[in-house]
Amino acid sequence: FIPNPLETLPFIPKCEFEIGGSMDFIGTANISEEHLNYAQKYGEPLDCTWIIRAEHQKNIYVQSPKYDLQEPNDCNFNFIQIFDEKTDMEHRKHNFCGSVAENFVSDTDVLYVSWERY
């Protein structure tokens, strides 16, 4: 019998943020020390999602004036994904993992921006 190491990990709330308005910023400054320390202590990936809501039937413009991934070009371990409506592969609109992030305009009034670092 080999114990499942995930069964012994303490619970931590989801790393998720809701934002909106005419101009807002997302980034690692939003992430709590609790999440950062948990990922480092237990060797778990850091997986955070920002839910961006615009006015009904308005689009969302995503611009990345500062885009700095810890491991640029390592698309398996450090990336940002943009989804509309749901966070499944069918709704994925863009994936950034290099050293440059293009601007992006949504098709809907809700976007999910997911950042994962392993």
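Refer to the structure presented above.
So, how was this worked out
- Residues numbered from 1 in each chain as written.
- Predicted model: local features only at pLDDT ≥ 70, side-chain atom pairs only at ≥ 80, totals over all residues.
- Heavy atoms only, no water.
- Helix = DSSP H or I, 4+ residues; strand = E, 2+ residues; numbered from the N terminus.
- Areas by Shrake-Rupley, 256 points an atom, 1.4 Å probe, with all protein chains shown as cover.
- Lys, Arg positive; Asp, Glu negative; His and termini not counted.
- Charge placed at Lys NZ, Arg CZ, Asp CG, Glu CD.
- Disulfide = S-S within 2.5 Å.
- Buried < 20%, exposed > 50% of the residue type's maximum accessible area, 1.4 Å probe, protein only.
- Pairing = 2+ DSSP bridges.

Peer 1: Would you explain the overall build of the protein chain in this entry?
Peer 2: Looking only at helices and strands, the protein chain has one helix and seven strands in total. Along the protein chain, helices (α) and strands (β) appear in the sequence β-α-β-β-β-β-β-β when read from the amino end. Projected onto its principal axes, the C-alpha positions of the protein chain cover 55 × 30 × 30 Å. Approximately 8300 Å² of the protein chain is accessible, and the part contributed by carbon and sulfur atoms is 50%. For the protein chain, the separation between the mean place of its 9 positive charges and that of its 20 negative charges on side chains is 2 Å.

Peer 1: Which parts of the structure should I look at to understand the state of the cysteines?
Peer 2: A covalent bond between the sulfur atoms of two cysteines is referred to as a disulfide. Tallied over the entire structure, the rule returns two disulfides. Between the sulfur atoms of cysteine 15 and its disulfide mate cysteine 48 the distance is 1.9 Å. With the S-S bond torsion at 90 degrees, the cross-link from cysteine 15 to cysteine 48 turns out right-handed. Residue cysteine 15 is found in strand E1 (residues 15-20), and its partner cysteine 48 is found in strand E2 (residues 46-53); the two are separated by 33 residues along the sequence. Comparing cysteine 15 with cysteine 48 shows no difference in burial state: the two are buried. Sequence-ordered numbering of the bonded cysteines in the protein chain gives a disulfide pattern of 1-2, 3-4.

Peer 1: Would you mind showing me how to read the pairing of E2 here?
Peer 2: The side chains of a regular strand alternate, first on one face of the sheet and then on the other. Across the eight residues that make up E2, a large majority, six, are buried. As defined by bridge partners, E1 adjoins E2 across six bridges and the pair is classed as parallel. Of the residues in E2, the one forming a bridge with phenylalanine 17 is tryptophan 50. In the sheet, E2 pairs with strand E7 (residues 110-117) via eight bridges, with the strands oriented antiparallel. Bridged to threonine 49 within E7 is serine 114.

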